[in-house]
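Chain by chain, the residues run as shown.
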Amino acid sequence: MHDQLIRATAPGIRGFAAITTNLTEEARRRHDCFPVAAAALGRTMTGAVLMAANLKTAESLTVRISGDGPLKEIVADAYPDGSVRGYVRNPSVDLPLNNGKLAVGQAVGKGHIYVTRFVGLKQPFTGSAELVSGEIAEDITQYLTVSEQTPSSVALGVLIAPDTTVAAAGGFFIQALPGAEEEVLIKVEDNLRHIPPVSQMVYNGQDAKSILETVFAGLPTTIYPGTDLSFHCQCSRERVENMLVSLGTEELKQMIADGEAEVCCHFCSEKYRFDDQELTEILRGIETK
């Protein structure tokens, strides 16, 4: 099943669902995440993708989870074209299971969630809220209620296989619109009480469309065309070269004396190596300007 985001509406309510198994596995592989770190990162990236679903083409969104647990920080950037990237500060955290489940809340700890919206030429807007549980979905729900005054229901899940790869990942985001009728809200709430965990639905083969149909069961529902999702980082060798230029001549001379430089991208762990000749070319370009 490929990664995809689907949008749907029912009377007075809208919803988004995403399958993110492949992009979460890509992030786990790139960052060499232990299971609890992979679950936390996958949930955060999925949450960011769902929140970015209504952004315009030139906009983007960053979700940052900062806690006092051993993971320290989780960051995800999401874009309206369906691309997302992310990292966790300490990917090698290993904790015992908590009642048979990955101890994501314990790994995150207490702290805050920060959501930054980049809206074209306007100043970015950052909102924040205290973490409720560190389980990510509850924390995003709290943020939407407190910081954006948007009553919502968010579910996120990542299932890790015995070989530590990602077996299933996904989530959904349900939002009541102004004027939503009470009986519609009651019906959706009743549906939510009786559905299995979202990671289990994905593992059992439900796609994003099927998940939304389960959430909106019993209501007239309109399903819209989907958006393919992928793990994609905007880093490039050219961008890294520009970063090296910004360091200035003295730092570049020191790198040349060392014989090489290696820059690793936080978001995707891609490594960019520059030998002394390449660094000398960069330095020469600065000095001839």
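Going by the structure above, here's the rest.
Presented here is a report on the structure given in the accompanying data block. (Residues numbered from 1 in each chain as written. Predicted model: local features only at pLDDT ≥ 70, side-chain atom pairs only at ≥ 80, totals over all residues. Heavy atoms only, no water.)

## Observations regarding a negative patch on the surface
(1) Moving on: Together, Glu 181, Glu 182, Glu 183 and Glu 189 make up a region of like negative charge exposed at the surface.
(2) Moving on: Within the secondary structure, Glu 183 is located in helix 5 (residues 182-194).
(3) Moving on: Assessed through its relative accessible area of 56%, Glu 183 is described here as exposed. (Patch = residues over 30% accessible without salt bridge, like charges linked within 9 Å, V, L, I, M, F, W, Y side chains within 5 Å. Areas by Shrake-Rupley, 256 points an atom, 1.4 Å probe, with all protein chains shown as cover. Salt bridge = Lys/Arg side-chain N within 4 Å of Asp/Glu carboxyl O. Lys, Arg positive; Asp, Glu negative; His and termini not counted. Charge placed at Lys NZ, Arg CZ, Asp CG, Glu CD. Helix = DSSP H or I, 4+ residues; strand = E, 2+ residues; numbered from the N terminus. Buried < 20%, exposed > 50% of the residue type's maximum accessible area, 1.4 Å probe, protein only.)

## Brief notes about unusual backbone geometry
(1) Moving on: For Asn 99, which is not glycine, the phi dihedral falls at a positive 55°.
(2) Moving on: Taking the relative accessible area as the measure of exposure, Asn 99 reaches 76% and is therefore exposed.
(3) Moving on: Phi at Thr 164 is positive, roughly 75°, even though this residue is not glycine.
(4) Moving on: When you line up the elements, Thr 164 lands in the loop between strand 8 (152-160) and strand 9 (166-176).
(5) Moving on: What makes Thr 164 partly exposed here is its relative accessible area of 33%.

## Focus: the pattern of salt bridges
(1) Moving on: A full pass over the atoms with the stated rule returns 15 salt bridges.
(2) Moving on: Here Glu 26 ties to Arg 30 by a salt bridge, and the two come within 2.8 Å at their closest N and O atoms. Taken together, the residues Glu 26 and Arg 30, both in helix 1 (residues 21-31) and four residues apart, mark about one turn of the helix.
(3) Moving on: Residue Glu 26 is classed as partly exposed on the basis of its relative accessible area, which comes to 23%.

## Focus: the nonpolar core
(1) Moving on: In terms of nonpolar packing, the biggest core is built from 56 residues, with Leu 71, Ile 74 and Ile 113 touching the most fellow members.
(2) Moving on: Setting aside its immediate chain neighbours within four residues, Ile 74 contacts Ala 40, Leu 41, Thr 44, Val 63, Arg 64, Ile 65, Tyr 87, Val 88, Val 108 and Ile 136.
(3) Moving on: With 22 residues, the next largest nonpolar core counts Ile 6, Ala 8, Ala 208 and Leu 219 among its residues. (Core = buried A, V, L, I, M, F, W, Y, C linked by side-chain atoms within 4.5 Å. Contact = heavy atoms within 4.5 Å.)

## Some details on helix 2 (residues 35-51)
(1) Moving on: In this model, helix 2 (17 residues) spans 24 Å end to end at C-alpha, consistent with the 24 Å of a helix rising 1.5 Å per residue.
(2) Moving on: Of all 17 residues that make up helix 2, 16 are buried, and the element is covered over most of its length. (Expected span 1.5 Å × (residues − 1).)

## Observations concerning the pairing of strand 6 (residues 111-119)
(1) Moving on: Of the pairings in the sheet, the one linking strand 3 (residues 59-67) to strand 6 comprises nine bridges and is antiparallel in character. Bridging from a neighbouring strand, Glu 59 pairs with Val 119 of strand 6.
(2) Moving on: In this structure, strand 6 lies alongside strand 7 (residues 125-130), joined through six bridges in antiparallel fashion. Each bridged residue has a counterpart across the sheet, and for Ile 113 the counterpart in strand 7 is Ala 129. (Pairing = 2+ DSSP bridges.)

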